[in-house]
Amino acid sequence: CVCVCVCVCVCVCARARDLLPLARQILTAEELQLQWSGAPVNRACIDELRRVAVVHPEVAAQARWLWDILYSLDDEKRAKYYRFVTGSSRRPASGFSDFKIGPKEGGDGAYPFAHTCFNALDLPSYSTFPRLLERLETAVQAAHDTFTDL
């Protein structure tokens, strides 16, 4: 399995190295970076995520609070929260076509849970905005400390 992964990685890297000069002729450096790595996260990325989000009625109030939190952050912090929710601190070049916010048991004592492979976030039915903010900050920081691409 490791041999296969290494061989595939070497082949992909070699192929990318062969294509890079051609890509440079077609795209600017900024366009190439955007296609390769995605766009930096900003308010427009949150607008897009909100536009495609399907929110379960049980957590509609908490979802509204979530958007308020994401809009209130500077771009650096927003990228950390975006990474927690989507799995990447940068917007995919093709954008997002779906995002789900669903309920999670546990109320005020539970933490939000992100399913990054499925573009889904499970939110407990927090009783207050400050409780959501505190629990979300803790979850984002723990995820950032453990799994980070920032």
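See the structure above.
Run through the packing of helix H3 (residues 43–52) against helix H4 (residues 60–72), naming residues and quoting values.
Relative orientation of the contacting elements H3 and H4 amounts to 165°, with a least axis distance of 9 Å. Of the possible angle classes, the one that applies to H3 and H4 is roughly antiparallel. Considering only the axes of H3 and H4, their crossing is right-handed. Across the interface between the two elements, Arg 43, Ile 46, Asp 47, Leu 49 and Arg 50 of H3 pack against Trp 67, Leu 70 and Tyr 71 of H4. Here the contact of H3 with H4 is built from residues that sort into 5 nonpolar, no polar and 3 charged.

I'd like to hear about helix H5 (residues 75–86), residue by residue, with values.
An ideal rise of 1.5 Å per residue puts 16 Å on 12 residues; H5 measures up with 15 Å between its terminal C-alpha atoms. If you check which residues of H5 are buried, you get Arg 78, Ala 79, Tyr 81, Tyr 82, Arg 83, Phe 84, Val 85 and Thr 86. Measuring from the side-chain oxygen of the N-cap residue of H5 to the backbone nitrogen of Glu 76 gives 3.1 Å; that N-cap residue is Asp 74. Of the residues trailing H5, Gly 87 is marked for its positive phi of about 95°.

Give me the lowdown on the pairing of strand S6 (residues 120–124), citing residues and values where you can.
Counting buried positions along S6 gives 5 out of 5 residues, so the element sits mostly inside the fold. Both faces of S6 are covered, namely the face carrying Ala 120, Asp 122 and Pro 124 and the face carrying Leu 121 and Leu 123. Of the pairings in the sheet, the one linking strand S4 (residues 99–104) to S6 comprises 5 bridges and is parallel in character. Looking across to S6, one finds that Ile 101 is bridged to Leu 121. Connecting the antiparallel pair strand S5 (residues 113–115) and S6 is a turn made up of 4 residues, with Asn 119 showing a positive phi of about 50°.

If you had to explain the packing of aromatic side chains to someone new, which residues and values would you point to?
Under the definition given, this model contains 2 aromatic pairs. Pairing Trp 65 with Phe 129 gives two aromatic rings, centres 6.4 Å apart and planes at 85°, and the pair type is edge-to-face. Of the two residues, Trp 65 is situated in helix H4 and Phe 129 in helix H6 (residues 129–146); the sequence distance between them amounts to 64 residues.

Tell me what's going on with the side chain of Arg 78, and back it up with residues and numbers.
Within the secondary structure layout, Arg 78 lies in helix H5. Residue Arg 78 is classed as buried on the basis of its relative accessible area, which comes to 2%. Within the local environment of Arg 78, its side chain forms a polar contact with the backbone oxygen of Leu 73, the two atoms lying 2.4 Å apart.

How would you sum up unusual backbone geometry? Please name residues and give values.
As a rule of thumb, non-glycine residues mostly have phi less than zero, and peptide bonds are mostly trans rather than cis. Phi at Asn 119 is positive, roughly 50°, even though this residue is not glycine. Checked against the element boundaries, Asn 119 lands in the loop between S5 and S6.

If you had to explain the pattern of salt bridges to someone new, which residues and values would you point to?
Under the criterion given, the structure shown has 4 salt bridges. When the shortest N-O distance is used, the salt bridge between Arg 78 and Asp 75 registers 2.4 Å. Of this pair, Arg 78 and Asp 75 both sit in helix H5, 3 residues apart, roughly one helical turn. The class of Asp 75 is partly exposed, set by a relative accessible area of 41%. With a closest N to O distance of 3.3 Å, Glu 134 and Arg 135 form a salt bridge. Judged by relative accessible area, Glu 134 falls into the partly exposed class, the value being 32%. Counted as one network, the salt bridges with shared partners bring together Arg 131, Glu 134 and Arg 135.

Calculation criteria
- Residues numbered from 1 in each chain as written.
- Predicted model: local features only at pLDDT ≥ 70, side-chain atom pairs only at ≥ 80, totals over all residues.
- Heavy atoms only, no water.
- Axes fitted to C-alpha atoms, helices over the stretch in contact; angles between N-to-C directions.
- Helix = DSSP H or I, 4+ residues; strand = E, 2+ residues; numbered from the N terminus.
- Parallel < 35°, antiparallel > 145°, perpendicular 65-115°, else oblique.
- Left-handed = near helix turned anticlockwise from the far one by under 90°.
- Contact = heavy atoms within 4.5 Å.
- Nonpolar A, V, L, I, M, F, W, Y, C, P; charged D, E, K, R; others polar.
- Expected span 1.5 Å × (residues − 1).
- Buried < 20%, exposed > 50% of the residue type's maximum accessible area, 1.4 Å probe, protein only.
- Polar contact = N/O pair within 3.5 Å; in protein donor to acceptor, adjacent residues only side chain to side chain.
- Pairing = 2+ DSSP bridges.
- Phe/Tyr/Trp six-rings, centres within 6.5 Å; stacked < 30°, edge-to-face > 60°.
- Salt bridge = Lys/Arg side-chain N within 4 Å of Asp/Glu carboxyl O.

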